[in-house]
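What the coordinates show
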Amino acid sequence: MSQSAVITPPPAEKVSAGATSRIARWSATHPWRSVSAWVLLVLVCVGIGSVVPGRTATPLDLTVGQTHQAAQMLRDAGMSAPATENVLITAGSGALDRAQADAATADLVSRASGLTDVAQAGDPVTAQDGQAVLVPLVIRGDADTAAERIGPLGAALHEVQENFPGLRLEQVGEASLSNALADLATEDLEAAGVISLPVTLAILLVVFGALLAAGVPVLLGLSAVATASGLSVLVSYLVPSTGSTSAMILLMGMAVGVDYSLFYVKRYREERARHQDHLDAVQIAAETSGHSVLVSGLAVVISMASLFLVGDVTFSSLGAGSVLVVAIAVVGSLTVLPALLAGLGRAMNRPRVPLVWRLTASTRPPRLWPALLRPALNHPGRTLVTSVLLPLALAAPALSMTLADPDEKSLPTSLPTVSALHRMTAAFPGERTSHDVVVAAPTAATADTAEQRLNQFTPFAGAGTELSRSADGRVLHLVVATAVDSSSTEARAQVEALRTQLPSVLAGTEARWAVGGAAAGSVDYADNLQAKLPWVVGAVLLATTVMMLVVFRSPALALITAATNLLSVAAAFGVICAVFQHTWAESLLDFRSTGAVVTFVPLFAFAVLSGLSMDYHVFVLTRIRELVAQGVPARRAVADGITDSAGTVTSAAVIMVSVFAIFVMGHGLEFKQLGVGLATAVLLDALVVRAFVLPALLTVLGEKAWRR
């Protein structure tokens, strides 16, 4: 950042004693107490996370709408289908030796039958071409927790494999696939952490030119992630965690935690360079950058909390984890960071990176940003129109956005379980979906009437039905078998037909009913997101607009905030569609295109981006307002404020982009899409919006933008 004298802060004694200033001054005057309290908090939270078992969302938790109701009624009636793990037996090479396959099957069934967690070994099924054998194994106990109990089965399968080296024995099932994906997510998370630390530290070394100054933001970011990860275990008993919660805590924690500290440390070093003493420099940094951190952090919290409106465990879990880590990062930036700055003092600039330090300590006026801002300041109208065209062009592909849940084809084939799933599907292609019609009657007599009607019910041509009844006689389960795939439009039409016909079929019985199953689950999930999207978007826009109105007391700035946020988000959506709905980037980003965007990505990305964009927005506007408050003309205040904050904003953007880009290297399709979208939006927001769109808008409005 420039060390030019375009900003002359008010004397320390005239700095208003706001909340952030008072907190920072106490921390700076009691550094050891503040640091000790923070370290104790981190250690306690990490200890909680390592001792207390968290609550993980079950398949039932992850359902919504009628699908959830149907599954819950079956569960309450003790009619939930048990978990089934399949063992696929094929030849290691060449044709399958049937004698060897039969012997391996017998050995497997014998070993599996002796396991406590295997309730039953079903009859082996041979593929139509005779080149594969499938052995179904029913897992004892609750299907929702079967993944925790299949370890012994895997060990037994390994022993059988050793006895028959010429065969290939593979375990396939929801529980084994869930475990494999969870392990892969853990590996991706660890890899992201290992890569993000040196990358972030390297960027900060370039920014500050000194190891301690660069290390403090990384340390604060890591401690926020560690603290939030530990506390998330307790939060999981209110909102069950999903496999993505830990990854989201790391992503958001490192992104905002480092950025918040960067804002603060940058301003502190500026004030020290202007010969302010430690306490005054800390207090001025708290009143300016600290206030920006508080406002932007609150914006992120509100944006992520809006995900609770979706009424879906996946969104609630991601929202809870994000809110937790952002809130902790804000607290750390406002408390322990001032203490570290005051405690380290001049040591913050040690040890220095020789060449880089000379560049960062340079007091020469900047040249790049004044040149970039010149079009917006001299020709604001034309610049505004021209600069908006790029985000709009990037947003254009979003008009053809297609949403779909990831299917088996999008799963990473590097996983042996996924490869086995593909081989099983190829060997046994006749597997199709079925619909679960669940009817809960108030009495057994009412259930008798409902059963008679269901026995005469023919939902649609070609459907086969199987009816069962609970032990107490009050719950009926009608399985409607079909010849279509669960993700097809025909399956959706069948679900809608069932839900349309059942009210007349069960009229007068006073029975409750719900249609569930895989196809119904996809329908309910998509319909729920579509119904809640306007509420989430409206809540986020209203909350951020009101917040900006309260903080800056300018309706113009509040509207500018909403408009620029939507511009960046739209561009991010367009890039996601252009990359992932087509095949041209498959080899580049290591994914397999499904021709669609993962269903939950747009809504989640909107909430994240609406919050994160406030980081730079509030920071830049706060700088400009400082100058306006000192009587600097609006046009010059825009030029000097953006120029003076450009180094910090650019550095923060590079850190965020690098963190998000690391997640593109993971295996999960949804995180690849989020990584690309978030990185694109942050980069566009920090460069195009802050360099051209925002200054052009502010120049057009002039003094009107700052009127209260």
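The residue count restarts for each chain, going from 1 along the sequence in the order it is written. Under the rules for a predicted model, residues below a pLDDT of 70 receive no local features and side-chain atom pairs below 80 are neither given nor counted, while totals for whole chains, interfaces and linings still include all residues. To get the side-chain values, all heavy atoms of the structure are used, and hydrogens and water are removed first.

Let's talk about the overall build of the protein
Every helix listed is a DSSP run of H or I at least four residues long, and every strand listed is a run of E at least two residues long, numbered separately from the N terminus. From N to C terminus, the protein includes 23 helices and 11 strands. Radius of gyration here uses only the C-alpha atoms, and the compact-globule reference equals 2.2 Å multiplied by the residue count raised to the power 0.38. The C-alpha atoms of the protein give 30 Å as radius of gyration, which agrees with the globular expectation for 708 residues (27 Å, within 12%). In terms of overall dimensions, the protein has a C-alpha envelope of 85 × 55 × 45 Å along the principal axes. Note on classification: 1.4 Å probe, protein chains only; a residue is buried when its accessible area is under 20% of the maximum for its type, exposed when over 50%, partly exposed between these limits. Looking at the protein as a whole, 53% of its 708 residues are labelled buried. In this description, contact between two residues means that some pair of their heavy atoms is separated by no more than 4.5 Å. Sequence-distant contacts in the protein: of pairs separated by 6 or more residues, those separated by 24 or more amount to 80%. Areas reported as accessible are Shrake-Rupley estimates using a 1.4 Å probe. Residue values count occlusion only from the protein chains shown. For the protein, the exposed surface amounts to about 29,700 Å²; the carbon and sulfur share of it is 61%. In the protein, 45 side chains carry a positive charge and 52 a negative one; their mean positions are 19 Å apart. Under the counting rule used here, the positive set is Lys and Arg, the negative set is Asp and Glu, and His together with the chain ends is not counted. To locate a charge, take NZ of a lysine, CZ of an arginine, CG of an aspartate or CD of a glutamate.

Some thoughts on the environment of Pro459
Locating Pro459 in the fold gives a position in the loop between helix H16 (444–455) and strand E8 (464–469). Classification of Pro459 as buried rests on a relative accessible area of 8%. Taking the C-alpha atoms as reference, Pro459 lies 35 Å from Ala147; in sequence the two are 312 residues apart. If we ignore the near neighbours within four places in the chain, the residues touching Pro459 are Thr465, Val480, Leu498 and Gln501.

A closer look at the sheet that holds strand E9 (residues 475–481)
Spatially, four strands are ordered E8-E9-E7-E10 in an open sheet, and the strand pairing comes out antiparallel. Strands with a single pairing partner mark the edges of an open sheet, and in this sheet they are E8 and strand E10 (512–516). Strand-to-strand twist across the sheet, computed as the mean angle between neighbouring axes with direction ignored, equals 15°. Pairing between E8 and E9: six bridges, direction antiparallel. The residue of E9 that forms the bridge with Gly464 is Ala481. The criterion for strand pairing is that DSSP finds at least two bridges linking the strands in question. Note on geometry: axes are lines fitted to C-alpha atoms, helical ones only across the stretch in contact, with angles between N-to-C directions running from 0 to 180 degrees.

Let's talk about the packing of aromatic side chains
The relation between two aromatic rings is expressed through the spacing of the ring centres and the mutual angle of the planes. To pair, rings of Phe, Tyr and Trp, with the six-membered ring standing in for Trp, must have centres within 6.5 Å; the planes then decide the type, stacked if under 30 degrees apart, edge-to-face if over 60, and tilted in the middle. If you walk through the whole model with that rule in mind, you get four aromatic pairs. Taking the centre distance of 4.5 Å and the plane angle of 15° together, the rings of Phe263 and Phe619 count as stacked. Taken as a pair, Phe263 in helix H8 (residues 245–273) and Phe619 in helix H21 (residues 601–629) lie far apart in primary sequence, 356 residues in all. Judged by its relative accessible area of 1%, Phe263 is buried. Overall, the relative accessible area of 2% leaves Phe619 in the buried class. With 6.5 Å between their ring centres and 70° between their planes, Phe600 and Phe604 make a pair best called edge-to-face. Across this residue pair, the class does not change: Phe600 and Phe604 are buried.

Topic: the nonpolar core
Generally speaking, nonpolar side chains in soluble globular proteins are found buried as a group. In this text, buried Ala, Val, Leu, Ile, Met, Phe, Trp, Tyr and Cys residues form a nonpolar core when linked through side-chain atoms within 4.5 Å. Met252, Tyr264, Phe315, Phe600, Phe604, Phe660 and Leu698 are the most contacted members of the largest nonpolar core, which has 140 residues in total. Among the nonpolar cores identified, the runner-up in size contains 23 residues, and Ala83, Val87, Val133 and Leu169 belong to it.

Thoughts on the pairing of E10
For E10, the buried fraction is high: four of the five residues fall into the buried class. Relative to E10, strand E7 (residues 434–440) is paired through five bridges, and the arrangement is antiparallel. The partner of Val438 across the bridge, within E10, is Ala514.

Thoughts on helix H13 (residues 368–378)
Burial in H13 covers these residues: Trp369, Leu373, Ala376 and Leu377. What you see down the axis of H13 is that its buried residues fit within an arc of 90°, all on one side. On the buried face of H13, the contacting elements are helix H14 (380–395), helix H22 (634–664) and helix H23 (669–701). The arc under discussion is defined with respect to the helix axis, by the directions toward the C-beta atoms.

A closer look at the environment of Pro375
Looking at the element boundaries, Pro375 is found in helix H13. When its relative accessible area of 33% is taken as the criterion, Pro375 is described as partly exposed. Between the alpha carbons of Pro375 and Phe692 there is a distance of 7.8 Å; along the sequence they are 317 residues apart. Contacts of Pro375, omitting those with residues within four sequence positions, involve Pro380 and Thr383.

Some thoughts on the side chain of Arg499
By the element assignment, Arg499 lies in helix H17 (residues 489–505). Assessed through its relative accessible area of 16%, Arg499 is described here as buried. With residues near it in sequence (within four places) discarded, Arg499 still touches Gln66, Thr67, Trp513, Val515, Ala520, Val523 and Asp524.

Some remarks on the pattern of salt bridges
We define a salt bridge as a side-chain nitrogen of Lys or Arg found within 4 Å of a carboxyl oxygen belonging to Asp or Glu. In total, this model carries 21 salt bridges according to the counting rule given. Here Glu626 ties to Arg267 by a salt bridge, and the two come within 3.0 Å at their closest N and O atoms. Of this pair, Glu626 sits in helix H21 while Arg267 sits in helix H8, and the two are 359 residues apart along the sequence. Residue classification places Arg267 among the buried residues on the basis of a relative accessible area of 1%. Between Glu451 and Arg469 there is a salt bridge, with the nearest N and O atoms lying 2.5 Å from each other. With Glu451 in helix H16 and Arg469 in strand E8, this residue pair connects regions lying 18 residues apart in the sequence. On the accessibility criterion, Glu451 (24% relative accessible area) is partly exposed.

Some remarks on a nonpolar patch on the surface
Each patch groups residues whose relative accessible area exceeds 30% and which form no salt bridge, using 9 Å between like charges and 5 Å between nonpolar side chains of Val, Leu, Ile, Met, Phe, Trp and Tyr. Together, Val194, Ile195, Val199 and Met665 line one region of the surface with nonpolar side chains, adding up to about 340 Å² of accessible area. With respect to the element layout, Ile195 can be found in helix H6 (residues 174–208).

Points about the pairing of E7
Successive residues of a regular strand alternate their side chains across the two faces of the sheet. A large share of E7 lies buried, amounting to five of its seven residues. In terms of strand pairing, E7 meets E9 through seven bridges, oriented antiparallel. Within E9, the residue paired with Ala440 across the bridge is Val475.

Remarks on helix H2 (residues 31–51)
Any helix carries an expected span of 1.5 Å times its number of residues minus one. Here H2 spans 30 Å end to end across 21 residues, near enough to the 30 Å set by a 1.5 Å rise per residue. All of the buried residues in H2 are Pro31, Ser34, Val35, Trp38, Val42 and Cys45. Buried residues of H2, seen end-on, are gathered within an arc of 100° and therefore sit on one face of the element. When the buried face of H2 is taken as reference, the exposed residues oriented beyond 90 degrees from it are Trp32, Arg33, Leu40, Leu43 and Val51. In this structure, the buried residues of H2 make contact with helix H1 (19–29), helix H7 (211–235), helix H10 (313–334) and helix H11 (336–344).

What about unusual backbone geometry?
At Glu510, a residue that is not glycine, the phi angle is positive and equals roughly 60°. We note that Arg553 has phi near 55°; this positive angle belongs to a residue other than glycine. In this structure, Arg553 sits in the loop between helix H18 (518–552) and helix H19 (555–580).

Observations regarding the confidence of the model for the protein
As a per-residue measure, pLDDT tells how confident the predictor is, with possible values from 0 to 100. Per-chain confidence: the protein averages 87 in pLDDT, with 96% of residues scoring 70 or above. Taken together, the stretch residues 1–17 has pLDDT below 50 and engages in 40 contacts with residues farther than four places along the chain or on a different chain.

Section: the packing of helix H9 (residues 278–305) against H18
Direction vectors running N to C along H9 and H18 enclose 160°, while the axes themselves pass 9 Å from each other. Considering their axes alone, H9 and H18 lie roughly antiparallel with respect to each other. Classified by chirality, the crossing of H18 by H9 is right-handed. Here His291, Val295, Leu298, Ala299, Ile302 and Ser303 of H9 lie close against H18, whose contacting residues are Val540, Ala543, Thr544, Met547 and Val551. Put simply, Ala, Val, Leu, Ile, Met, Phe, Trp, Tyr, Cys and Pro go in the nonpolar bin, Asp, Glu, Lys and Arg in the charged bin, and everything else, Gly too, in the polar bin. When its residues are assigned to classes, the contact of H9 with H18 shows eight nonpolar, three polar and no charged. Any angle between 65 and 115 degrees counts as roughly perpendicular, while under 35 counts as roughly parallel, over 145 as roughly antiparallel, and the rest as oblique. A crossing counts as left-handed when the near helix is turned anticlockwise from the far one by less than a right angle, and as right-handed when that turn is clockwise.

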